[in-house]
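Descriptive analysis of the structure
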Amino acid sequence: MSKSGRNRPAGRGRKQNADAGGGPLWLWGSHAVEAALANPARSRLRLVATENAARRLELPDPEIIGPKEIDRLLPPGAVHQGVALHTDPLAPVTIDDLITAGARRIAVLDQLADPHNLGAIFRSAAAFGFDGVVLQTRHSPPITGIVAKSAAGGVERVSECRVVNIARALDALADRGFSVIGLAGEADTNLEDALTPGHCAIVLGTEG
């Protein structure tokens with residue numbers, strides 16, 4: 001699995017990302033868009049930017065428009081920093097894909113619903129060298145522009161894996177030699193003490 005990009009199996013209007021339906025979506029913000037453009041698996045349907053942002057980021061052949069025009073393309077309140085990319089979603093990978101690609105660190109998310117939290121986890125996972133994030137097919141937010149903005153490029157570098165059943169996914173990882181560690185605020189054991197050499201899966205969730 002390449003660190004520069006994940007494997008992947010133009011429109012206007014104030015509708016966030018056709019995300020729930022899996023259609024094309026808008027990404028915005030300097031870090032999110034730059035990381036997406038650097039990912040060879042990411043399609044480019046439309047790249048829009050202000051003149052200042054295009055010059056600052058040295059964007060490849062963007063469509064120059066004004067900031068208010070970009071506002072109209074994105075959800076209310078989106079902090080776009082003068083740049084946005086319309087693109088297809090990246091295809092999730094499977095547990096077997098992760099293992100075959102040599103993944104050593106995987107984060108497993110259970111009952112996590114807030115898109116900002118999801119983006120922050122992708123950002124931290126990328127910073128700490130994690131290879132994949134496992135989420136439940138249902139009851140987990142899709143990867144939207146909000147998630148990508150919070151992730152600051154992490155969704156391009158850490159593979160998204162969707163599973164029907166988290167417990168079965170953990171069993172599959174344990175069967176393949178992963179140490180499975182659950183994080184809990186009331187736990188007595190430090191994470192450093194729980195970690196063992198080799199492959200590990202860290203389980204987080206239950207925001208409430």
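Conventions used here
- Residues numbered from 1 in each chain as written.
- Predicted model: local features only at pLDDT ≥ 70, side-chain atom pairs only at ≥ 80, totals over all residues.
- Heavy atoms only, no water.
- Helix = DSSP H or I, 4+ residues; strand = E, 2+ residues; numbered from the N terminus.
- Buried < 20%, exposed > 50% of the residue type's maximum accessible area, 1.4 Å probe, protein only.
- Pairing = 2+ DSSP bridges.
- Right-handed = clockwise from strand over helix to strand, strands pointing away.
- pLDDT = per-residue confidence, 0-100.
- Contact = heavy atoms within 4.5 Å.

Glancing now at unusual backbone geometry. A positive phi angle, close to 55 degrees, is found at Glu58, a residue other than glycine. Along the polypeptide, Glu58 turns up in the loop between helix 2 (51-57) and strand 3 (63-64). The backbone of Gln111 shows a phi angle near 55 degrees, a positive value even though the residue is not glycine. For Gln111, the position within the fold is in the loop between strand 5 (105-110) and helix 5 (115-127). Using a relative accessible area of 53% as the deciding quantity, one classes Gln111 as exposed.

This next bit is on the pairing of strand 5. Of the strand pairs in this sheet, strand 5 and strand 9 (residues 200-205) are connected by 6 bridges, and their pairing is parallel. What sits directly across from Asp110, in strand 9, is Gly205. Of the strand pairs in this sheet, strand 5 and strand 6 (residues 132-136) are connected by 3 bridges, and their pairing is parallel. Paired with Ala107 across the two strands is Val133, which belongs to strand 6. Handedness of the crossover joining strand 5 and strand 6 through helix 5: right-handed.

When pLDDT is averaged across the protein, the result is 87; 88% of the residues are at 70 or more. Note on residues 1-5: pLDDT is under 50 here. Beyond four places in sequence and across chains, it has 15 contacts. Low pLDDT, under 50, characterises residues 7-21; the stretch is placed with 50 contacts to residues that sit more than four places away or in other chains.

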